[in-house]
Amino acid sequence: MRIVGLTGGISSGKSTVSNLFKLHGVPIVDADLVARDVLKKGTGGWKKVVAAFGEDILLDNGEVDRAKLGHIVFSDPDKRQLLNRLLAPYISSGIFWEILKLWMKGYKVIVLDIPLLFEAKMDKWTKPIIVVWVDPETQLQRLMERDRTSVEEAKNRIQAQMPLDLKKNKADIVIDNTGSREELNERFQRVLTHVSKPLTWSEFALSRQGAFVASILVFVGVIICRKTL
């Protein structure tokens, strides 16, 4: 099984690339969706976060006010790190189960869409690692236009993440999304061809099909051994 890592920065276009993979039939494990699930009312993650940040972050229905929590953690690095520490075990567990479900279905290639791929040390699970990159000026402009925020607020949100240039240096594949959507589509097609190539022997061994072949070989080996004894 090939587990492709997909990451980027805020307003870099990672979600656009993730959606392109979906359109081409490649299953996605979206860490943001997993994070939403672990913060639902009554879950272990919800209890930890409410205990740490107080009930002021809750909506009237008891769910976490994500916008309010986001404002708190983006403006305070210590609280952001606290939130990441509290939720990391739940998110990692949720991602594992999503991968397992796709493995059981027999998928050979999946994509892990994880904004904090490097920060959470999940890059060791994935190969290749794809980083969606844009230059700093484009990233700032797109974020301000998308969220209608001030320059200061947009810069604070960008600076709260690992610099895109650093992620770029850690990547196996870089998708430059500074240009037009048409240029992005062309670059994506080349990446799709690359990640869809036949599995290596080690990747095949980790797939459901590989496990099935291995079990057959073990069974045959046991039969042969019994006949020779």
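Above this text is the structure in question.
All of these numbers come straight from a predicted model, not from anything done at the bench.

A.B. asks: What's the story with the overall build of the protein chain in this structure? I'm lost.
C.D. replies: In terms of regular secondary structure, the protein chain is built from eleven helices and five strands. Residues counted as buried form 40% of the 229 residues belonging to the protein chain. Residue pairs in contact within the protein chain that sit at least 24 positions apart in sequence constitute 72% of those at least 6 positions apart. In the structure as shown, the protein chain presents an accessible area of about 13400 Å², 58% of it carried by carbon and sulfur atoms.

A.B. asks: What exactly am I supposed to notice about the pattern of salt bridges here?
C.D. replies: Pairing between side chains becomes possible if they bear opposite charge and their charged atoms approach one another. By the definition in use, this model includes eight salt bridges. The partner of Asp172 in a salt bridge is Lys127, with the nearest N and O atoms 3.0 Å apart. With Asp172 in the loop between helix H8 (164-170) and strand S5 (173-176) and Lys127 in the loop between strand S3 (109-113) and strand S4 (129-133), the pair connects residues that are 45 residues apart, well separated along the chain. Under the relative-accessibility criterion, Asp172 is labelled partly exposed at 38%. Given the relative accessible area of 52%, Lys127 is considered exposed.

A.B. asks: Any chance you could explain unusual backbone geometry here in plain terms?
C.D. replies: Of all residues except glycine, most have a negative phi; of all peptide bonds, most are trans. Of note, the amide linkage connecting Lys127 to Pro128 takes the cis form, showing an omega dihedral of 0 degrees. With respect to the secondary-structure elements, Pro128 resides in the loop between S3 and S4. Here Arg148, not a glycine, exhibits a phi torsion of approximately 55 degrees, which is positive. With respect to the helices, strands and loops of the structure, Arg148 is situated in the loop between helix H6 (136-147) and helix H7 (151-159).

A.B. asks: Would you take a moment to explain the packing of aromatic side chains for this structure?
C.D. replies: The relative placement of two aromatic rings is captured by the distance of their centres and the angle of their planes. Evaluated as defined, the whole model comprises two aromatic pairs. Their ring planes at 80 degrees and their centres at 4.8 Å tell us that Phe21 and Phe188 sit as a pair that is edge-to-face. You can see Phe21 sitting in helix H1 (residues 14-23) and its partner Phe188 sitting in helix H9 (residues 181-195), a full 167 residues away along the chain. The burial state of Phe21 is the same as that of Phe188; both residues are buried. Ring geometry for Phe96 and Trp97: centres 5.4 Å apart, planes at 75 degrees, overall edge-to-face. Overall, the relative accessible area of 48% leaves Trp97 in the partly exposed class. A cation sits over an aromatic face here: Arg157 above Phe74, 4.6 Å from the ring centre. Directly above the aromatic system of Trp133 lies the positively charged group of Lys168, at a separation of 4.2 Å from the ring centroid.

A.B. asks: Please explain the nonpolar core as it appears in this structure.
C.D. replies: If you look at soluble globular proteins, the nonpolar side chains tend to sit buried side by side. Judged by nonpolar contacts, the single largest core of 36 residues is most densely connected at Val49, Phe53, Leu69, Ile95, Ile99, Ile110 and Leu112. Where this core is concerned, the elements lending two or more residues are helix H2 (31-38), helix H3 (44-53), helix H4 (66-74), helix H5 (77-104), S3 and S4. It is H5 that contributes the most residues to this core, seven residues altogether. Filtering out sequence-adjacent residues up to four positions away, Ile110 remains in contact with Met1, Arg2, Ile3, Val4, Val26, Pro27, Val29, Ile99 and Leu102. The next biggest cluster of nonpolar side chains, apart from the first, holds 18 residues, and it includes Leu20, Ile28, Val109 and Ile173.

A.B. asks: Quick question: what am I supposed to make of the pairing of S5 here?
C.D. replies: When a strand is regular, its side chains alternate between the sheet's two faces. Of the two faces of S5, only the one carrying Ile173 and Ile175 is buried; Val174 and Asp176 on the other face are not. Bridge count between S4 and S5: four bridges; the pairing is parallel. Note that in S5 the partner of Val132 across the bridge is Ile175.

A.B. asks: How should I be thinking about H2 in this particular structure?
C.D. replies: In an α-helix there are 3.6 residues to a turn, and that puts residues three or four apart on one side. Within the span of H2, buried status applies to Ala31, Val34, Ala35 and Val38. Seen from one end, H2 has its buried residues packed into an arc of 100 degrees, which puts them on one side. Looking at the buried positions of H2, the neighbouring elements they touch are strand S2 (28-30), H3, H4, H5 and S3. Between a side-chain oxygen at the N-terminus of H2 and the backbone nitrogen of Asp32 the separation is 2.9 Å; the capping residue is Asp30.

A.B. asks: How do you make sense of the side chain of Lys167 when you look at a structure like this?
C.D. replies: Mapped onto the elements of the fold, Lys167 is located in helix H8. Setting aside its immediate chain neighbours within four residues, Lys167 contacts Thr7, Gly8, Pro115, Phe118, Glu119, Val131 and Met162.

Conventions and cut-offs
- Residues numbered from 1 in each chain as written.
- Predicted model: local features only at pLDDT ≥ 70, side-chain atom pairs only at ≥ 80, totals over all residues.
- Heavy atoms only, no water.
- Helix = DSSP H or I, 4+ residues; strand = E, 2+ residues; numbered from the N terminus.
- Buried < 20%, exposed > 50% of the residue type's maximum accessible area, 1.4 Å probe, protein only.
- Contact = heavy atoms within 4.5 Å.
- Areas by Shrake-Rupley, 256 points an atom, 1.4 Å probe, with all protein chains shown as cover.
- Salt bridge = Lys/Arg side-chain N within 4 Å of Asp/Glu carboxyl O.
- Phe/Tyr/Trp six-rings, centres within 6.5 Å; stacked < 30°, edge-to-face > 60°.
- Lys NZ or Arg CZ within 6 Å of the ring centre and 35° of its normal.
- Core = buried A, V, L, I, M, F, W, Y, C linked by side-chain atoms within 4.5 Å.
- Pairing = 2+ DSSP bridges.
- Arc of directions from axis to C-beta.
- Polar contact = N/O pair within 3.5 Å; in protein donor to acceptor, adjacent residues only side chain to side chain.

This is a description of form; function is not addressed.
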